[in-house]
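Here's the letter readout for the chains.
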Amino acid sequence: MKRGSKLSIAAVLAVLAGTAVYAQDKYALKTPDGVAFSDFTGYEGWAVVSSARTDEVLKVIVANPAMIEAFKAGVPGNGQPFPDGARIAKLQWKPKKSTEAPFAVDVPDVFTQAFLMEKDSKRFPKSGGWGYALFNYEAASDTFTADPSPSDCGHACHVAVKAKDHIFHPYQKR
């Protein structure tokens, strides 16, 4: 191999290594109120609870195994609260019209946010035991940022469903 080729390969490897070093670790993020993205590691593979659509976003709501188990046991309809350690994530995308389906249907386009909730009665006693976090996603830079809104902002909306342990979406029948 020629010396110039070795240098080119070395330069490419250095650039790739630098890219890996600078790639964001979303799991290192934490909100000002202490909700850590790392508490939701593996959320990409959690079971679907429900879905929703507003004029602006498509939402898929997923939950960790502890929360799914509680849903299947009848929580919150049975009058019991979700256990500490229950976690739920509302993942949001901007919608677009499918160009492939033979019928009119909106499909996810650009991912925008991960709204996260975790049950920990000791850490979040003022908000019904729930900690709230919003992580905004910027597609252009492929990075997340913790929204600076205080967690009581999420709680203010969820108080409307206090009787359902602050959860809007029930586990949907399959």
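Here is what the cut-offs are and how they apply
Residues numbered from 1 in each chain as written. Predicted model: local features only at pLDDT ≥ 70, side-chain atom pairs only at ≥ 80, totals over all residues. Heavy atoms only, no water. Pairing = 2+ DSSP bridges. Helix = DSSP H or I, 4+ residues; strand = E, 2+ residues; numbered from the N terminus. Axes fitted to C-alpha atoms, helices over the stretch in contact; angles between N-to-C directions. Core = buried A, V, L, I, M, F, W, Y, C linked by side-chain atoms within 4.5 Å. Buried < 20%, exposed > 50% of the residue type's maximum accessible area, 1.4 Å probe, protein only. Contact = heavy atoms within 4.5 Å. Phe/Tyr/Trp six-rings, centres within 6.5 Å; stacked < 30°, edge-to-face > 60°.

**Q** What am I meant to see in the sheet that holds strand 1 (residues 47-53) here?
**A** One key point about sheets: their strands pair by backbone hydrogen bonds, in either a parallel or an antiparallel sense. Read from one edge of the open sheet, 6 strands run 1-2-3-4-5-6, paired in antiparallel fashion. Every other strand in the sheet has two partners, leaving strand 1 and strand 6 (143-146) as the edge strands with one partner each. Between one strand axis and the next, the sheet turns by 25° as a mean value, whatever way the strands run. Taken together, the 4 bridges between strand 5 (residues 130-138) and strand 6 define a ladder with antiparallel strand orientation. Considered in strand 6, the bridge of Tyr137 is made with Phe144.

**Q** Could you clarify how one ought to interpret the nonpolar core in this entry?
**A** Most often, soluble globular proteins have nonpolar side chains that are buried together. Counting 17 residues, the largest nonpolar core has Phe37, Tyr43, Leu91, Leu116, Phe135 and Phe144 as its most contacted members. Only strand 3 (87-97), strand 4 (106-119) and strand 5 provide two or more residues apiece to this core. With near-sequence residues (within four places) excluded, Phe135 lies in contact with Leu29, Lys30, Thr31, Val35, Phe37, Thr112, Gln113, Ala114, Leu116, Phe144, Thr145 and Ala146. Residues Phe82, Ile88, Phe115 and Met117 belong to the second largest nonpolar core, which totals 16 residues.

**Q** Honestly, the packing of aromatic side chains in this entry has me stumped. Any pointers?
**A** Centre distance and the angle of the planes are the two values used to describe a pair of aromatic rings. Summed over the entire model, instances satisfying the criterion amount to 13 aromatic pairs. Judged by centre distance (5.0 Å) and plane angle (75°), the rings of Phe71 and Phe82 are edge-to-face. Of the two residues, Phe71 sits in helix 2 (residues 65-72) while Phe82 sits in the loop between helix 2 and strand 3, which places them 11 residues apart along the sequence. Across the pair, exposure class does not vary: Phe71 and Phe82 are buried alike. Ring plane angle 65° and centroid distance 6.1 Å describe the contact between Phe82 and Trp130, whose orientation is recorded as edge-to-face. In this pair, Phe82 is assigned in the loop between helix 2 and strand 3 and Trp130 in strand 5, connecting sequence segments 48 residues apart. Residue Phe82 shares its accessibility class with Trp130, and that shared class is buried.

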